[in-house]
Amino acid sequence: MTTLTTGDAAPAFALSDQRGDTVRLEDFRGRKLLVYFYPEADTPGCTTQSCDVRDHRGDLARLGVDVVGISPDEPSSQLAFDEKFSLGFPLLSDTDHAVAEAWGTWGEKTYEGKTYIGIIRSSFLVDEQGRIEQAWYKVKPAETVPNATAALQY
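Residues numbered from 1 in each chain as written. Predicted model: local features only at pLDDT ≥ 70, side-chain atom pairs only at ≥ 80, totals over all residues. Heavy atoms only, no water.

For this particular structure, what's the right way to read the overall build of the chain?
For the chain, the helix and strand inventory stands at four helices and nine strands. In the chain, the succession of helices and strands from N to C terminus is β-β-β-α-β-α-β-α-β-β-β-β-α. Radius of gyration (C-alpha) of the chain: 14 Å, near the 15 Å computed for a compact globule of 154 residues. For the chain, the spread of C-alpha atoms along the three principal axes comes to 40 × 35 × 25 Å. Across the 154 residues in the chain, those meeting the buried criterion constitute 46%. For the chain, the share of sequence-separated contacts (at least 6 apart) that also reach a separation of at least 24 residues comes to 63%. In the form shown here, the chain has an accessible surface area of approximately 7,400 Å², with 47% of it arising from carbon and sulfur atoms. Averaging the coordinates of the 15 positive side-chain charges in the chain and doing the same for the 24 negative ones gives two points 4 Å apart. (Helix = DSSP H or I, 4+ residues; strand = E, 2+ residues; numbered from the N terminus. Rg over C-alpha atoms; globule rule 2.2 N^0.38 Å. Buried < 20%, exposed > 50% of the residue type's maximum accessible area, 1.4 Å probe, protein only. Contact = heavy atoms within 4.5 Å. Areas by Shrake-Rupley, 256 points an atom, 1.4 Å probe, with all protein chains shown as cover. Lys, Arg positive; Asp, Glu negative; His and termini not counted. Charge placed at Lys NZ, Arg CZ, Asp CG, Glu CD.)

Pasting the structure below:
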């Protein structure tokens, strides 16, 4: 499994968002980008994570950071999640998990004694040139924003 570290080029992506528009990594060139991977829209942990990002989006924007969330959900599920919680930022659909694999967030997980393959909740701060500034694998839902803001205040 790939593990991205500081200084690595962020793997390119071109994915459909919840409205069917294609969003590309290069769309954010010149700005920092917080990319977070979550297992499934509208589940408790993913809701906690996404609503925390929503609630701090203004703070992130003032620090020059855009945000995208990525999961294997279909765009229609992403749209329902966005509308239910008024998230207001791109939720990208990686149904074949190719982007998750490239970012090292698709792998073996264990839950309630069962092992399976899926999204490993992770987040990344990408710099203005498209390089990994910070990578956090196996984060708890409430850690995404604090990790990013702490990294931005160095």
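So what exactly am I meant to see when it comes to the packing of aromatic side chains here?
The geometry of two aromatic rings is summed up by the distance between their centres and the angle between their planes. Applying the stated criterion across every chain yields a total of nine aromatic pairs. Three or more aromatic residues joined by ring pairs form one cluster here, namely Phe 13, Phe 37, Trp 103, Phe 124 and Tyr 137. (Phe/Tyr/Trp six-rings, centres within 6.5 Å; stacked < 30°, edge-to-face > 60°.)

Would you mind showing me how to read the state of the cysteines here?
Defined simply, a disulfide is a covalent bond joining two cysteines at their sulfur atoms. Counted according to the given criterion, the structure contains zero disulfides. With no disulfide of its own, Cys 46 lies 11 Å from the sulfur of Cys 51, the closest cysteine sulfur. Residue Cys 46 is classed as buried on the basis of its relative accessible area of 0%. (Disulfide = S-S within 2.5 Å.)

Would you explain the environment of Ala 98 in this entry?
In this fold, Ala 98 is placed in helix H3 (residues 98-103). For the pair Ala 98 and Leu 87, spaced 11 residues apart in sequence, the C-alpha to C-alpha distance is 24 Å.

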